[in-house]
Amino acid sequence: SLKDPGLCSAVPRSGPGLPALAILASLAVCLTLSGCSGKGSKSDAKQDLNAAYGEFDQKQYDKAFASAEAYLKKNPKGPGSAEALYLQGRVHEARAEEAGTKGRKEEARQDLVDAANAYQQAISLQDPRPAPQVEGLCRAGLANAAYYLDDYQTAAREWAAALPQITQPDAKAW
């Protein structure tokens, strides 16, 4: 039977909870994109992606998702592509939590599937590959989604792969 995906899908993710992950996500974006030049469209793209994270932090999930999608359309192979996909995964997880809380289990399940797909797409990027910290966050997100979809084998595998790549101590509940 399907576990209620609305039950705080971030619980296994981090000891301090969702706020710590939001900080980590913002930090990952800043660290990954800090090597970009400060001029032209790269700077604009960085600002757009940072704005998308701000929208997510404000629980403006539709805006955050649309901003990440716009970033990906402009920069399908840009240095922030993995972060944009990660953000889309986080939006799907947040939507799953909301839907599950309201008893809409099938909607929540679909959002978790969509989150897992976004994380997997980010992990699979080749040129450029995601930064190790971002890949670790994506693998942790994929593990969380898999867990709440009752795919414990994938959850265990991805959590094990995520652990060495996540460098912030407060992001590790284990």
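Draft legend 1. Highlighting the nonpolar core. Counting 37 residues, the largest nonpolar core has F56, L87 and C138 as its most contacted members. Breaking this core down by element, the ones donating at least two residues are α2 (40-57), α3 (61-74), α4 (81-101), α5 (105-124) and α6 (132-148). Of all the elements, α4 adds the most residues to this core, at nine residues. With residues up to four places along the chain from it excluded, the contact list for L87 reads A52, Y53, F56, A64 and A68.

Draft legend 2. Here's a closer look at unusual backbone geometry. Between D127 and the following residue, P128, the backbone shows a cis peptide bond with an omega angle of 0°. If you trace the backbone, P128 turns up in the loop between α5 and α6. A positive phi is found at K59, a non-glycine position, where the angle reads about 65°. For K59, a relative accessible area of 60% corresponds to the exposed category. Phi at D150 takes a positive value of approximately 65°, unusual for a residue other than glycine. Within the secondary structure layout, D150 lies in the loop between α6 and α7 (152-162).

Draft legend 3. Summary view of the environment of Y53. Mapping Y53 onto the fold places it in helix α2. The buried category is assigned to Y53, whose relative accessible area is 3%.

Draft legend 4. Expanded view of the packing of α4 against α5. Viewed as axis vectors pointing N to C, α4 and α5 meet at an angle of 165°, and their least axial separation amounts to 8 Å. Here α4 is positioned roughly antiparallel relative to α5, judged by the angle of their axes. Judged by the sense of rotation from one axis to the other, the crossing of α4 with α5 is left-handed. For the pair α4 and α5, contact is made by A82, L85, Y86, Q88, G89, R90, H92, E93, R95, A96, A99 and G100 and by E107, A108, D111, L112, D114, A115, A118, Y119, Q121 and A122, respectively.

Draft legend 5. Summary view of the packing of α6 against α7. Two elements in contact, α6 and α7, have axes separated by 8 Å at closest approach and are oriented at 160°. With respect to α7, the element α6 is oriented roughly antiparallel. Every pair of crossing elements has a handedness; the one defined by α6 and α7 is left-handed. Where α6 approaches α7, its residues G136, R139, A140, L142, A143, N144, A146 and Y147 are matched on the opposing element by Y152, T154, A155, E158, W159, A161 and A162. Each residue belonging to the contact of α6 with α7 can be placed in one class, and the counts come to 10 nonpolar, three polar and two charged.

Draft legend 6. Fine view of the pattern of salt bridges. Here the structure, examined in full by the defined rule, presents eight salt bridges. The residue K74 makes a salt bridge to D48 at a minimum N-O spacing of 2.8 Å. A residue pair is termed long-range when its members are at least 10 positions apart, and K74 in helix α3 and D48 in helix α2 qualify at 26 residues. Of the residues examined, K74 reaches a relative accessible area of 56% and is grouped as exposed. Residue D62 pairs with R95 through a salt bridge whose shortest N-O separation is 2.7 Å.

Criteria and cut-off values
Residues numbered from 1 in each chain as written. Predicted model: local features only at pLDDT ≥ 70, side-chain atom pairs only at ≥ 80, totals over all residues. Heavy atoms only, no water. Core = buried A, V, L, I, M, F, W, Y, C linked by side-chain atoms within 4.5 Å. Buried < 20%, exposed > 50% of the residue type's maximum accessible area, 1.4 Å probe, protein only. Helix = DSSP H or I, 4+ residues; strand = E, 2+ residues; numbered from the N terminus. Contact = heavy atoms within 4.5 Å. Axes fitted to C-alpha atoms, helices over the stretch in contact; angles between N-to-C directions. Parallel < 35°, antiparallel > 145°, perpendicular 65-115°, else oblique. Left-handed = near helix turned anticlockwise from the far one by under 90°. Nonpolar A, V, L, I, M, F, W, Y, C, P; charged D, E, K, R; others polar. Salt bridge = Lys/Arg side-chain N within 4 Å of Asp/Glu carboxyl O.

Distances and angles like these do not, on their own, reveal function.
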